[in-house]
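One-letter residues, chain by chain:
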Amino acid sequence: MIKKHIKKLVSLALATIMVMGMSITSFATEAETPAYSVTVNEYDVYVQTRTATNQQLARSGMDSATVSVIKSDAIENELLHLSSLSENELSSLGYSSEQIELLKNYSGERIETNSQLRGIFADMTCNFYKSSASTTSLTLKVVWEWTNVPVLAGIAIKDIIGIRWQGTNPAGQPLNLALNTSGSSCKISYYSRSGSYKSEAYTSISTDDPYGHAYAKIPMSAGTGDIDGDYYAKKGTLILKVDRTGSDKINEAAFVFAYGHTIVSVSPSLSLPASFSIGFSAGVETMCEEAIRMNSSGTITQY
């Protein structure tokens, strides 16, 4: 009898552990679901710039140098170069069979005249997550990822991310939120062009105003041992923590995040328009710019 009871207890304990394990696994999976997500294709960004009126470009704040590069034949020349490579070479650069077919059929036409060319260009997805939230501090996680190497890229290029924030207290009044540097980080993951993981590295987070914005520069090449640009910064993770500076509780904060892709070999920099948005220096194209709200409970909504 005692042995039977022991067996039942052991069976019950094992079953409980299995259920708890399943619950923990399920919770971990759900926690990885982004609260908000946006995807942009570089083809759409370039075509939108090429087809915009001068008035629309002026309102967007895009500088003339960036517009000139995008409207030049630089993109078409790069596509022609790629089309001259063998199928094996293109495959080793990470292009799929569908993309290779598009490249081999490319004859130099302007990209805005052939929407099928969109399939060659890279998507960038930006996902927003709650890392932690309370009435004293908020921690936002932003993960961005390219589907493949951007068409205009190079080993000397550095991209840039920027983020701004504004806090409010429960009465709806402005509340200073200070960057917590020890609780913030920016990790870059490098992959081969064919999609194999190589390494990761941390890049420093800089700020000119710890109560309002921060930025980080991202080497697109893996650096030492990558003189041919075989590896690129495919994915990045920004952890940004901000703390209240007084005794008022945090009600919510608005964040605007932007990714700037450098299309000419320059050192990118951040600019801060009067509106709650982000701009970049000449030669840098904004791939993703999105504003969200996050409250002290961790709920994220579109701004």
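The rules behind each value
- Residues numbered from 1 in each chain as written.
- Predicted model: local features only at pLDDT ≥ 70, side-chain atom pairs only at ≥ 80, totals over all residues.
- Heavy atoms only, no water.
- Helix = DSSP H or I, 4+ residues; strand = E, 2+ residues; numbered from the N terminus.
- Contact = heavy atoms within 4.5 Å.
- Buried < 20%, exposed > 50% of the residue type's maximum accessible area, 1.4 Å probe, protein only.
- Polar contact = N/O pair within 3.5 Å; in protein donor to acceptor, adjacent residues only side chain to side chain.
- Phe/Tyr/Trp six-rings, centres within 6.5 Å; stacked < 30°, edge-to-face > 60°.

Caption draft 1: Region of interest: the side chain of Ser192. Residue position: Ser192 is located in strand S7 (residues 185-192). Among all residues touching Ser192, those that are not within four sequence positions of it are Asp230, Tyr231 and Tyr232.

Caption draft 2: Up close: the environment of Arg293. Looking at the secondary structure, you find Arg293 in strand S15 (residues 284-295). By relative accessible area, Arg293 is classed as partly exposed at 30%. At a separation of 3.2 Å, a polar atom in the side chain of Arg293 contacts the side chain of Glu252.

Caption draft 3: The packing of aromatic side chains, seen in detail. Taken as a whole and judged by the stated rule, the model has nine aromatic pairs. Aromatic side chains Phe128 and Phe257 sit 6.2 Å apart centroid to centroid with 85° between the ring planes, which places their arrangement in the edge-to-face category. You can see Phe128 sitting in strand S2 (residues 123-133) and its partner Phe257 sitting in strand S12 (residues 252-262), a full 129 residues away along the chain. On the basis of an interplanar angle of 85° and a centroid distance of 5.8 Å, the ring pair of Trp146 and Tyr259 is categorised as edge-to-face. Residue Trp146 is located in strand S3 (residues 137-146), and its partner Tyr259 is located in strand S12; the two are separated by 113 residues in the primary sequence. Take Tyr259: its relative accessible area is 0%, and that puts it in the buried class.

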